[in-house]
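# Chains, contacts and geometry: an overview
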Amino acid sequence: MPKPTIKPGQVYSRVSLANRETATLRGPKWDDLDDLTEYINGLVEEHANITKTEKVTRESEAEWLGQRLAEIENGRMIHLVAEVRGKVVGAGEVSQLPEERSHTGYLGIGISKGHRGQGLGTALMQALKELSKKAGMKILILDAFATNKVALNLYEKIGFKEVGRIPKGIYRNGKYIDLVRMTTELLPNKS
Ligand SMILES: CC(C)(COP(=O)(O)OP(=O)(O)OC[C@H]1O[C@@H](n2cnc3c(N)ncnc32)[C@H](O)[C@@H]1OP(=O)(O)O)[C@@H](O)C(=O)NCCC(=O)NCCS
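Anyway, here's the lowdown on the structure attached to this text. (Residues numbered from 1 in each chain as written. Predicted model: local features only at pLDDT ≥ 70, side-chain atom pairs only at ≥ 80, totals over all residues. Heavy atoms only, no water.)

## Notes on the site of the ligand
Put simply, the test is: Distances are taken per atom, and a residue is near a molecule or strand as soon as one of its heavy atoms is within 4 Å of it. Pairing of N or O atoms within 3.5 Å defines a polar contact, subject to two protein rules: one partner must be a possible hydrogen donor and the other a possible acceptor, and residues neighboring in sequence count only if both atoms are side-chain atoms. Where accessible areas are quoted, they stem from the Shrake-Rupley method and a 1.4 Å probe; at the residue level, only the protein chains shown are allowed to cover.
Neighbouring the ligand are 19 residues, the closest being Ile111, Gly119, Gly121, Thr122 and Lys157. In the environment of the ligand, an oxygen atom lies 2.8 Å from a nitrogen or oxygen atom belonging to the backbone of Gly121. At 2.5 Å from an oxygen atom of the ligand is found a side-chain nitrogen or oxygen belonging to Thr122. Notes on the ligand: free accessible area 930 Å², of which the protein chains cover 66%.

Set out below in structure tokens:
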């Protein structure tokens, strides 16, 4: 993958949301540490359909962000945050897999509770797809809880297809949930 397509703090796009607010999609930077800590802990607290179940500390998030910024710098990771009214309210990333899977990116995304249903998830997914293509990736993959209908619909709308599932892949609150694997191929633009 070529060197970073989006640098720390660099603005990728501005998006008009359904509620008439504007979101900025940009690369993460050190100053985002507190916002990102709040964002991830917010998702953990509401038991969102993500595999993370334990809250982070500011220290562990700082370590994570440091590693992230290094991975962005060496071109192994595409990461965008969504900022609304000066606050990070969403994030998405694509991590390049190693060696003979290096044409493949693993995608993850999340939007904070009060900011969903406004088109932000769609805009973030489209941006991550475009950036992955620019970076030379050929395939994107992701996993989603089979119960996460909003996410599954969104991914299908963006061009992902289910290619299989791990039955009972998640065990949560005494119940099993299937884990759905989806992929999309990044075809070159027709000229
Ligand atoms: C899944 C998620 C990223 C979607 O983000 P979002 O900003 O709400 O997405 P959008 O506003 O772009 O909406 C996408 C579609 O879902 C629909 N939608 C959004 N929220 C909905 C809701 N609560 N009920 C029904 N439909 C909903 C929208 O109408 C839109 O459909 P459309 O394109 O046909 O109009 C967000 O819900 C989220 O972060 N959830 C918690 C974490 C998570 O599940 N992450 C994904 C893990 S795989």
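## Some words on the sheet that holds strand β3 (residues 77-84)
Selection rule: Paired strands are those between which DSSP finds at least two bridges. Secondary structure counts use DSSP, requiring at least four H or I residues in a row for a helix and at least two E residues in a row for a strand, with both numbered from the N terminus. Convention adopted: a line fitted to C-alpha atoms gives each axis, helices being fitted over their contacting stretch, and angles between N-to-C directions are expressed from 0 to 180 degrees. Contacts: residue pairs with any heavy atoms within 4.5 Å of one another.
Strand order across the open sheet formed by eight strands is β1-β2-β3-β4-β5-β6-β8-β7, with mixed pairing between neighbours. For this open sheet the edge positions go to β1 (11-16) and β7 (161-172), each flanked by a neighbour on one side alone. Averaged over all adjacent pairs, the angle separating strand axes in this sheet is 20°, with direction ignored. Here helix α2 (residues 58-73) sits on the sheet and contacts β3 and β4 (87-96); the angle it forms with β3, its principal contact strand, is near 120°.

## Quick word on the environment of Leu179
Examined against the element boundaries, Leu179 turns out to sit in strand β8 (residues 175-185). Here the alpha-carbon distance between Leu179 and Ser112, two residues 67 residues apart in the chain, equals 22 Å.

## A closer look at the packing of aromatic side chains
Here is the rule we go by: Pairing of aromatic rings covers Phe, Tyr and Trp, the last through its six-membered ring, and needs centres within 6.5 Å; plane angles under 30 degrees mean stacked, over 60 mean edge-to-face, and all others mean tilted. Charge-over-ring placement is defined geometrically: NZ (Lys) or CZ (Arg) within 6 Å of the ring centre, and within 35 degrees of the ring normal.
Across all of its chains, the model carries two aromatic pairs by this definition. Taking the ring centre of Tyr176 as reference, the NZ or CZ of Lys168 above it sits at 5.2 Å.

## Notes on the side chain of Thr122
Where we set the bar: Relative accessibility under 20% of the residue-type maximum defines a buried residue, over 50% an exposed one, and the middle range a partly exposed one, all with a 1.4 Å probe and only protein chains included.
Here Thr122 is to be found in helix α3 (residues 120-134). What makes Thr122 buried here is its relative accessible area of 18%. Here Lys157 takes part through its side chain, which lies 2.9 Å from a polar atom of the side chain of Thr122. Among all residues touching Thr122, those that are not within four sequence positions of it are Leu154, Lys157 and Ile158.

## Things to note about the pairing of β7
Where β7 lies against β8, eight bridges are found, and the strand directions are antiparallel. Pairing of Gly164 across the sheet is with Arg181, part of β8. Where β7 folds back onto β8 in an antiparallel hairpin, the turn is made up of two residues, including Asn173, whose phi is positive at roughly 50°.

## Let's talk about helix α4 (residues 149-158)
Put simply, the test is: It is the directions from the helix axis to the C-beta atoms that the arc portrays.
Inspection of α4 places Ala151, Leu152, Leu154, Tyr155 and Ile158 among the buried residues, and these make up the whole buried set. Angular distribution of buried residues about the axis of α4 spans 160°; they occupy a single face of the element. What points out from α4, more than 90 degrees from its buried face, is the exposed set Lys149, Val150, Asn153 and Lys157. Where the residues of α4 are buried, they touch β5 (104-111), α3, β6 (139-145) and β8. Backbone geometry just downstream of α4 places Gly159 in the positive-phi region, at approximately 115°.

## Section: the pairing of β8
Two elements, β6 and β8, share seven bridges in a ladder whose sense is antiparallel. Within β8, the position partnered with Phe145 by the bridge is Leu179.

## Some points on the pattern of salt bridges
Threshold: Salt-bridge detection follows one rule: a side-chain nitrogen of Lys or Arg within 4 Å of a carboxyl oxygen of Asp or Glu.
Across all of its chains, the model carries 12 salt bridges by this definition. The partner of Glu21 in a salt bridge is Arg85, with the nearest N and O atoms 2.4 Å apart. Here Glu21 is found in the loop between β1 and β2 (22-26), whereas its partner Arg85 is found in the loop between β3 and β4, with 64 residues between them in sequence. We classify Arg85 as exposed; its relative accessible area is 65%. Residue Arg181 is joined to Asp143 by a salt bridge in which the shortest nitrogen-to-oxygen separation is 2.7 Å. Taken together, the residues span a long stretch of sequence, with Arg181 in strand β8 and Asp143 in strand β6 at a distance of 38 residues. The class for Arg181 is partly exposed, based on a relative accessible area of 30%. Overall, Asp143 belongs to the partly exposed group, its relative accessible area being 25%.

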